[in-house]
Amino acid sequence: MKKSLIKKGNNGFQIISIGQQHWKKGYTYALDACRTLKDQDFDFHYTLIGGTKDIELDYHIHDLQLTDLVTLLEYPPNTQVQTLLQNADLLLLSSVADEITPVVPNAMLKNILVLSTDWVGVQDVILDGETGFIVPKRNSERLAEKVKEIANLPEAEKDKIRNKALQIVSNAYSDTQIAADLFDFCQGLKND
Amino acid sequence: MIKAQTHTVTVGLVLSTVPGYSETFFRNKIKGLQNAGFEVVLFVDYTQKTDVDFPCRIVASPQFVGPRINKVFTVLGVLFKALFLQPKRSFALYQLDKKDGIIFKNRFRNIILNQFLLGETLDWLHFGYGKLAHGRENVAEAIGAKMAVSFRGFDLYLSPLKHPGCYDLLFKKEVRYHVLSHGMKQRLKDNLISDQKIHVITPAINTAFFSHQKPIATMDDNVINIVTIARLHWIKGLEYTLEALAKVKQKQIKFKYTIIGDGEEKERLVYATHELGIAEDVFFPGKLSHNKVKEILKTTSIYLQYSIQEGFCNAVLEAQAMGLLCIVSDAEGLKENVLDTQTGWVVPKRQPEVLARKIIEVSKMSKSEQQEITTQAVSRVNKLFNLERQNLLFREFYEC
């Protein structure tokens, strides 16, 4: 694996997606959005971790002439995922159906902006425009627009969103909060 | 001009399996060649009980499966045949592979895996798909036959992405290529294959069977009947098609969309129909017989083939022959299959918004405008994509 693939300041705006390829991940929409961004001369690089050995993605990238702008990586050990995530500007979730994985809070804890499609459950973590960004599913044009919009936000605005996300996720995922949630859950079971 | 036959030309056709009843392309090709006096031998990886009535001789590869002891005995048996029944050809294959820099282990493997091809006396060894020629690039020369390879779309456009360099050796060999479209021919020329070696023979259909004298199916009750015949596979662009139809529905246009075919991605597509709010408008009847397909096409107005990748597509030919209004993507062979605004409409792939607009535009055309397009389509398919013409071109392919 190329450790230095994502370096802030190089190769434009760094976008990353993490998760094993499955149609539910909607990666083809992310790639279609990449093609739109390319057509608009937007300077970016998209790294997709977990997207290797999939002929659909390979063909999509080749056919859309995105070979230089998109990198598919095998799922590396967790420490390397953390490094790659740390060096990204934006975590992109293009799913048509998904569930909250540790990737989203992890990114927020690392001060990475998160853009997701509006699959059921994502609003539990991302508040659009406050702790991250949400766009409609199956809409690559809107996805591309939003990526550009985020990249062009003033740094102070980005910091505001990052800080709010950090605050929310720190509280929601703190040991105390998890213990309290677990206690409430068990109480609920007992009462049932 | 076809030369007079001086001896029976024997063509060895290499496929993975014996073509099923519905796989008309190879069945028609074999029948056409036999009718023209050719002898055809079919080489396959394995056979099934249902293959007994296939109309040509079938040679199946030995099966290297089962417990280790079985595999060892199979390999020893094959090796015995290679060394004692076809020693010259086996040695020739070994030497040719060595000349190409193939490592010893693979040279040995090639003799074992290709032994079932070495025993036949053929004029032509024709690989039905490009990927079937991989690891067999020297077999034809070793048995003193000419080599032919057909590319059918997936094997030309996708296999090199999955297996980079898989055709590097093949493209250096003396091969006569058959491709389905001029776009595929250009792709081979981009790989430095000379023009004369590449023959474009498009698919053909039974135009007598797929004919329909009635005018275009009416769009009664303001419901447009739309059909696609395709494997349920990402390559067919069905998710984009559903997105386009969701946009059509948003314009208050009623339709019934039937996707005829089975495949691994049914869950993905059914999920999409629910998400897009068109579940009650889309039907998945599965794979159907030719007769049932024809019955459905008779009551259909618009045929869609919005593929991401397509070699040529017989189903679009059948739909055109049946007088349907055909809207296809610009994927590879499709833009040669349908001539934009002459025999149907070609729209850029992966752009559901554009496809939706085209569906609406076509559905709102006057009957006379629609009739003009379908008349031209029927005429062109009958003239250029009939089985007789295809058979003639294949005979010329082997004889020129």
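In the block above lies the structure referred to throughout.
What comes next concerns the included structure.

The rules behind each value
- Residues numbered from 1 in each chain as written.
- Chains lettered and ligands numbered in written order.
- Predicted model: local features only at pLDDT ≥ 70, side-chain atom pairs only at ≥ 80, totals over all residues.
- Heavy atoms only, no water.
- Buried < 20%, exposed > 50% of the residue type's maximum accessible area, 1.4 Å probe, protein only.
- Helix = DSSP H or I, 4+ residues; strand = E, 2+ residues; numbered from the N terminus.
- Pairing = 2+ DSSP bridges.
- Contact = heavy atoms within 4.5 Å.
- Polar contact = N/O pair within 3.5 Å; in protein donor to acceptor, adjacent residues only side chain to side chain.
- Phe/Tyr/Trp six-rings, centres within 6.5 Å; stacked < 30°, edge-to-face > 60°.
- Lys NZ or Arg CZ within 6 Å of the ring centre and 35° of its normal.
- Salt bridge = Lys/Arg side-chain N within 4 Å of Asp/Glu carboxyl O.
- Axes fitted to C-alpha atoms, helices over the stretch in contact; angles between N-to-C directions.

### Side note on the pairing of strand β1 (residues 10-14) of chain B
All names here are of chain B. With 5 of 5 residues buried, β1 lies mostly within the body of the structure. Both faces of β1 are covered, namely the face carrying T10, G12 and V14 and the face carrying V11 and L13. Both β1 and strand β2 (residues 39-44) contribute to a ladder of 5 bridges, which runs parallel. Note that in β2 the partner of V14 across the bridge is F43. Where β1 and strand β4 (residues 124-127) come together, 4 bridges link them in parallel fashion. Bridge pairing in β4 places V14 opposite F127.

### Observations concerning the environment of E130 of chain A
Residue and element names in this part refer to chain A. Turning to its location among the elements, E130 is positioned in the loop between β5 (113-117) and β6 (133-135). Relative accessible area serves as the criterion here: at 38%, E130 is assigned to the partly exposed category. Separated by 55 residues in sequence, E130 and Y75 place their C-alpha atoms 30 Å apart. Apart from the residues within four sequence positions on either side, E130 is in contact with I161 and K164. Within the local environment of E130, its side chain forms a polar contact with the side chain of K164, the two groups lying 3.0 Å apart.

### A short note on the packing of aromatic side chains
Residues and elements named next belong to chain B. As enumerated under the stated definition, the model contains 21 aromatic pairs over all chains in all. Ring centres 5.1 Å apart and planes at 80 degrees place the aromatic pair F151 and Y167 in the edge-to-face group. With F151 in the loop between β5 (146-150) and α6 (154-157) and Y167 in the loop between α7 (159-162) and β6 (176-179), this pair connects stretches of sequence that are 16 residues apart. In this pair, the class of F151 matches that of Y167, namely buried. Members of the aromatic cluster, each reached through a chain of ring pairs, are F38, W124, F394, F397 and Y398. If you follow K256 out to its NZ or CZ, it ends over the ring of F283, 5.2 Å from the centre. Directly above the aromatic system of F209 lies the positively charged group of K294, at a separation of 4.6 Å from the ring centroid.

### Observations regarding the pattern of salt bridges
Taken as a whole and judged by the stated rule, the model has 29 salt bridges over all chains. Put simply, D39 of chain A and R35 of chain A hold a salt bridge, and the shortest N to O gap is 2.9 Å. With D39 of chain A and R35 of chain A both in helix α1 (residues 27-39), this residue pair falls 4 residues apart, about one helical turn. Taking the relative accessible area as the measure of exposure, R35 of chain A reaches 23% and is therefore partly exposed. Residues E243 of chain B and R138 of chain A are paired through a salt bridge, measuring 4.0 Å at the closest nitrogen-oxygen approach. With E243 of chain B in helix α9 (residues 238-250) and R138 of chain A in the loop between β6 and α5 (140-151), this pair bridges two chains. Neither residue differs from the other here; E243 of chain B and R138 of chain A are each classed as buried.

### Re the sheet that holds strand β9 (residues 254-260) of chain B
Residue and element names in this part refer to chain B. A sheet is described by the order of its strands in space; here 6 strands give the open sequence β10-β9-β8-β11-β12-β13, paired in parallel fashion. This sheet does not close on itself; its edge strands, each paired only once, are β10 (282-286) and β13 (345-347). Across the sheet, the mean angle from the axis of one strand to that of its neighbour is 25 degrees, orientation sign disregarded. Taken together, the 3 bridges between β9 and β10 define a ladder with parallel strand orientation. Bridge pairing in β10 places I260 opposite G286.

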